Amino acid sequence: MVDSYRHKGMRRQLVKLVESKGIKDQRVLAAIGRIPRHFFFENAFLEHAYEDKAFPIGAGQTISQPYTVAFQSELLNIKPGDKVLEIGTGSGYQAIVLLELGADVFTIEYQKELYLRTKSFLPKMGYSPNFFYGDGSKGLERFAPYDKIIVTAGAPTVPDSLIDQLKVGGSLVIPVGNAKTQQMLRINKVTEKKISSESFHDFKFVPLLGDKGWK
């Protein structure tokens, strides 16, 4: 795995593009600028690594579009030491961004093929979040509560279990909608019984699978 001057130059251009689309958090932009995204791609597809688009990674999943990763990360407003639950490990790219921001990351993946691949691959890049295999639509209750929760797949509704697993003062960022398009929501837990919700742009994610997702 080589990270050359050419790769770093392509990454700088990607950061400029993501910033031009409205991402203002300099820590998020710096994280995207540090992570060698081409490590997730076969050599034949290297040119796609630093384009601002999603790309297939197998098992019906994709490595997320850098702008989308940056947008969700910015909404989370990660503080160093935040305990963060990520629903949908996928390629691991989003988890690495969270780690670069100083989060303590718990990440759960529904697809066993991806779980095994990513659990093996990320440490080779120098990143070791807490990996779990299972139904993330129900959260990961045994390690709750979390400061922040991020869902990287489109959900039909907001699972109550995820709100239950948030700390008071914590935030859940989740795309909710139908199979074609979802609206990004940030749900803030004000008290144990009160939440507030904000909605942002429309996105298109792969579907959230599991008991509280799409059947």
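Residues numbered from 1 in each chain as written. Predicted model: local features only at pLDDT ≥ 70, side-chain atom pairs only at ≥ 80, totals over all residues. Heavy atoms only, no water.

A. Region of interest: helix H1 (residues 5-20). Its 16 residues give H1 an end-to-end C-alpha distance of 23 Å, which sits within 8% of 22 Å, the value for a rise of 1.5 Å per residue. Of the residues making up H1, those classed as buried are His-7, Gly-9, Met-10, Arg-11, Leu-14, Val-15 and Val-18. Looking one or two residues beyond H1, the residue adopting positive phi is Gly-22, at roughly 120°. (Helix = DSSP H or I, 4+ residues; strand = E, 2+ residues; numbered from the N terminus. Expected span 1.5 Å × (residues − 1). Buried < 20%, exposed > 50% of the residue type's maximum accessible area, 1.4 Å probe, protein only.)

B. Layout of the pattern of salt bridges. Enumeration over the complete set of coordinates arrives at 11 salt bridges. Here Asp-3 makes a salt bridge to Arg-11, at a shortest N to O gap of 2.8 Å. (Salt bridge = Lys/Arg side-chain N within 4 Å of Asp/Glu carboxyl O.)

C. Representation of the sheet that holds strand E6 (residues 146-151). Here seven strands make up an open sheet; going across it, the order is E5-E4-E3-E6-E7-E8-E9 and the pairing mixed. Across the chains shown, the open sheet's two edge strands, defined by having one partner strand only, are strand E5 (130-133) and strand E9 (195-203). Strand-to-strand twist across the sheet, computed as the mean angle between neighbouring axes with direction ignored, equals 15°. As defined by bridge partners, strand E3 (residues 83-87) adjoins E6 across four bridges and the pair is classed as parallel. Bridge assignment links Val-84 to a residue of E6, and that residue is Lys-148. Along the sheet face, helix H3 (residues 66-76) touches E6, strand E7 (166-177), strand E8 (182-189) and E9 and points at about 165° away from the line of E9. Along the sheet, helix H4 (residues 93-100) contacts E3, strand E4 (104-109) and E6; its crossing angle with E3, the most-contacted strand, is approximately 170°. (Pairing = 2+ DSSP bridges. Axes fitted to C-alpha atoms, helices over the stretch in contact; angles between N-to-C directions. Contact = heavy atoms within 4.5 Å.)

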